[in-house]
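In case you want the letters, here they are:
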Amino acid sequence: QAERRSPERKRKEDTKADRKKKEEDAKQRRKNAEEEKKAAAKRKEEEAIRKKEQEQKQKEEAAKQKKDLEEKRRQEQRSTLAIRRVIQKVRLASPETFAEVQKELQEILEVELENTGSQKERIKEESGKGLEQATKRIDSIKEQRQKELDKKEAEEKKRLEQQARTDELLKELSDLVDAAEASIERLKDLSAPLCDKIEDSVKEVEACALAVEEAGTDAKSATKACTDFILVKGNDIKDPASSPLVPGIQTPGASDTKQALGKLLQRINECGKTAEALIQAARGAKEQAVRRASARQKTKEREALFAKYDRDKDQLLSQIEVIAYAKKELSVNVDKVLLDKIWRCTVDEDEKGISFEKMYLLNSSLGIAREMQRNERRKAARIAKEKVLAGLRERLKNKVREVEKVYSDFDKEMRAAEAAVRPLAWKAKTSSVSEMEEHAIECERLVEACRRTADKVKQRVKTIPFGFDKKYEEDMTEFFRIESKLLELQMGRADLRIARVENLSRRHKEQACRKEAQAIEMVRAFGMKVVRQYARVNKLTFEELFGHLDADGDGAIDEEEFVSFFATVDKEINEEFEVEEVERVEKEKEIEEFPELNDIEMEKENALEVPETLDENPMGQITLAAVAEQDEEAELRQQSLAAIMLQATPKPKPKPKKVVKAELTPEELKSLFASVLEPAGPMKLSPEVFSRMAKVYYKVVKETPMTEKLEVNGSQTVHQLKVGEIVEMLEGPEKEVSMKVFRAKGKVIGEDKEGWVTVAGNQGTIFLQEGGHLWKVLRQTELFESFEDVPPKAGIRKLKEAEVLEVLSWPTKHEESGLHRLKVKAKLDGAIGWITQASKEGVIFADPL
């Protein structure tokens with residue numbers, strides 16, 4: 001057992017010794033590594049110190065070199081600046097200082113030129129150019145001074161001539177003023193004695209006044225000659241300009257001219273005022289004399305009348321004489337009561353009769369008595385007339401009641417018509433075009449019946465106040481106006497009610513026409529897509545395509561050929577661009593709520609509806625102010641509705657139009673064929689009409705460039721398309737491979753530019769939308785028969801706001817008026833004519849949809 005333990009113990013001891021030796025070796029290695037590390041760190045530190053000292057030495061040398069270089073550069077700059085400063089003085093030198101600054105330049109060049117270093121040659125060149133420029137400038141200044149001197153001499157000569165001319169005109173004007181003042185003095189002499197002739201006869205006064213008038217006319221003529229002279233030659237009478245030889249000093253006589261002219265003008269004004277005053281005074285004196293003469297004549301006539309009835313010549317009128325005077329001269333019968341009353345008012349207790357001085361009191365008393373007698377007679381006539389009028393008024397009331405019965409029949413018919421048009425706006429949503437036309441015809445029949453009944457009522461109303469004696473017509477007319485107040489009020493509303501029903505019926509009929517036009521436009525759009533696809537698939541030119549439709553080869557397409565073509569072609573549209581874009585937009589589209597058009601129309605109708613009650617004036621009639629107020633209220637309601645719609649409706653982002661399919665039935669194709677035929681033309685489609693029908697247009701909705709090639713990269717821009725421009729498509733749309741966008745070749749309408757344009761971007765941005773051949777009327781305008789007819793001439797008919805037009809000929813400038821005009825066809829009734837796109841003031845009448 002001890003032997004077995006010995007090897008094991010020995011093995012453990014050996015293992016322990018080996019481990020201890022390894023630890024000592026590892027410890028020695030770590031010690032050696034630390035010493036080597038310290039030695040390396042010491043070597044590295046010493047190397048860094050040496051490197052730092054070397055870098056410091058290099059920096060000191062570089063700083064010294066830099067300092068020397070900067071000192072040298074500063075010296076060059078000082079010398080250069082000093083020389084250039086003198087060169088600048090040379091350039092700005094005047095002829096008087098040029099020699100001095102030129103000498104200064106030579107001196108500084110001798111001193112400082114060598115110190116300019118690398119700038120030496122450049123400074124030499126600048127000094128030479130400076131001297132050359134200064135020399136030219138000095139020569140130019142001398143030449144300019146000579147010109148100014150010549151100009152001043154010419155001005156001085158002109159000034160002297162002007163002074164002489166002014167003196168001559170002042171002398172001539174002074175002579176005219178002297179003549180005018182002499183005529184005024186003569187007028188004063190003639191008018192002075194006129195005021196003393198007040199008591200003379202009329203003939204003597206008129207003779208003196210005539211002489212004054214003639215003298216006044218002469219004085220006015222003389223004064224007018226002065227003013228006419230100033231009007232004609234006043235601009236020539238002016239102060240001469242200041243002497244150019246001595247600037248700032250006024251020449252002698254300049255201010256004297258102004259003062260002399262002012263004094264002459266003052267004298268002319270005094271002459272005019274004096275002449276007018278003297279003439280007015282003479283006229284006043286003449287009128288006063290004539291009035292006094294007339295008064296004396298009337299007094300003599302009254303004295304003669306008094307003497308005629310003063311038979312006893314006692315200068316008093318007795319009671320018998322007063323009775324005779326009143327009866328013959330004033331047609332007044334004087335009884336004893338009246339005579340006593342007159343006597344108490346006109347005759348004093350100590351007098352026996354009426355003197356001439358109290359004749360005015362007698363005339364007043366007799367005039368009052370005459371009017372009282374007339375009043376009694378008028379009162380009796382009035383009482384008799386009232387008895388007659390009472391019976392006539394009863395007859396008139398019966399007539400009014402009969403007319404009111406006729407009006408009740410009209411009211412029933414009117415209510416039936418109003419009930420018929422009330423649901424039209426809602427029926428338009430679901431009714432077909434034929435049903436809408438039947439509704440409109442029925443409403444028109446009802447309106448016509450109402451109008452006939454209304455005319456009958458009006459005619460009966462007009463005849464009510466007639467058939468009476470002429471002397472009672474005025475009284476009966478006034479009574480009729482009061483009695484028929486309610487009836488007139490009702491008939492006043494009748495025209496408004498009929499107009500409203502007629503407007504709603506016409507609007508419903510127009511909606512039917514628009515609905516039919518929209519259906520035909522949908523058929524046209526889809527049918528032309530089928531035609532273009534057929535031509536694209538079979539690679540046909542327009543002439544070859546037209547030949548395919550023109551089966552009999554007569555150069556025109558008839559209705560049968562048109563319908564037959566669509567019966568044989570493929571009607572499935574395979575336009576990759578349209579299908580892809582519509583599907584993408586449908587997926588991305590958010591749900592938006594918009595008020596329906598018919599709801600808006602109903603709101604407008606309600607706004608325009610005639611109210612049941614209108615303001616009445618005190619006489620019971622509908623006032624124009626009341627109707628105007630209701631119209632204004634309706635207009636405000638429409639404007640408020642439009643404002644709410646604009647605020648509530650966000651501006652839609654342009655999206656590609658969805659392909660709307662049509663059945664293309666024979667009936668639809670025949671309607672389309674008939675809609676494109678020219679009025680009063682052949683019943684066939686010419687190549688021009690078919691070309692206009694088959695062409696496709698796009699409207700620019702976002703600015704984009706038009707390039708030469710299909711490829712986007714490396715293609716040069718032909719034209720920058722702006723929003724609103726119309727592009728006629730010639731090829732495509734085709735998919736551009738590199739950018740993965742749809743591009744089409746087109747021609748810009750009105751610009752004569754062709755190229756390729758991106759229809760839709762690869763991120764969904766729409767640049768072009770199909771359309772442009774249909775325009776919308778923005779403001780009411782005239783449709784003219786020819787291109788030459790322009791406003792204010794009246795046209796074929798008025799185009800209403802929001803009407804849709806098809807363009808037949810694109811805008812062309814009218815040379816005489818400068819307006820742009822285009823030929824269009826109204827979708828509502830097919831009327832063809834010319835319209836003005838915009839006025840000279842910038843008011844736009846129509847724009848593309």
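Residues numbered from 1 in each chain as written. Predicted model: local features only at pLDDT ≥ 70, side-chain atom pairs only at ≥ 80, totals over all residues. Heavy atoms only, no water.

A. Region of the structure containing a negative patch on the surface. On the surface, Glu435, Glu437, Glu438 and Glu516 cluster together into a negatively charged patch. Its location among the elements puts Glu437 in helix α10 (residues 433-463). (Patch = residues over 30% accessible without salt bridge, like charges linked within 9 Å, V, L, I, M, F, W, Y side chains within 5 Å. Areas by Shrake-Rupley, 256 points an atom, 1.4 Å probe, with all protein chains shown as cover. Salt bridge = Lys/Arg side-chain N within 4 Å of Asp/Glu carboxyl O. Lys, Arg positive; Asp, Glu negative; His and termini not counted. Charge placed at Lys NZ, Arg CZ, Asp CG, Glu CD. Helix = DSSP H or I, 4+ residues; strand = E, 2+ residues; numbered from the N terminus.)

B. A look at the packing of aromatic side chains. Across all of its chains, the model carries nine aromatic pairs by this definition. Note on Tyr407 and Phe410: the rings are 5.7 Å apart at their centroids and 45 degrees apart in plane angle, and the pair reads as tilted. Of this pair, Tyr407 and Phe410 both sit in helix α8 (residues 359-421), three residues apart, which is roughly one turn of the helix. You can call Tyr407 buried: its relative accessible area is 8%. With a relative accessible area of 0%, Phe410 lands in the buried category. By way of ring pairs, the aromatic residues Tyr534, Phe562, Phe565, Phe566 and Phe673 are connected into one cluster. (Phe/Tyr/Trp six-rings, centres within 6.5 Å; stacked < 30°, edge-to-face > 60°. Buried < 20%, exposed > 50% of the residue type's maximum accessible area, 1.4 Å probe, protein only.)

C. Quick peek at the nonpolar core. With 30 residues, the main nonpolar core has Leu396, Phe410, Met414 and Val457 as its most contacted residues. Residue assignment for this core shows that the elements contributing at least two residues are α8, α10, α11 (473-483) and α12 (485-537). Counting residues in each nonpolar core, the second largest holds 29 residues, with Val523, Leu545, Phe673 and Phe690 among its members. (Core = buried A, V, L, I, M, F, W, Y, C linked by side-chain atoms within 4.5 Å.)

D. Region of interest: a positive patch on the surface. Together, Lys16, Arg19, Lys20 and Lys22 make up a region of like positive charge exposed at the surface. Examined against the element boundaries, Lys22 turns out to sit in helix α1 (residues 2-91). Relative accessible area serves as the criterion here: at 62%, Lys22 is assigned to the exposed category.

E. Inspection of the sheet that holds strand β8 (residues 774-777) at higher detail. The five strands are arranged β13-β12-β11-β8-β14 in an open sheet whose pairing can be described as antiparallel. With partners counted over all chains shown, the strands left at the sheet margins are β13 (832-836) and β14 (846-848), one partner each. With direction set aside, neighbouring strand axes in the sheet form an average angle of 45 degrees. The pairing of strand β12 (residues 820-826) with β13 spans five bridges and is classified as antiparallel. The partner of Lys823 across the bridge, within β13, is Trp834. (Pairing = 2+ DSSP bridges. Axes fitted to C-alpha atoms, helices over the stretch in contact; angles between N-to-C directions.)

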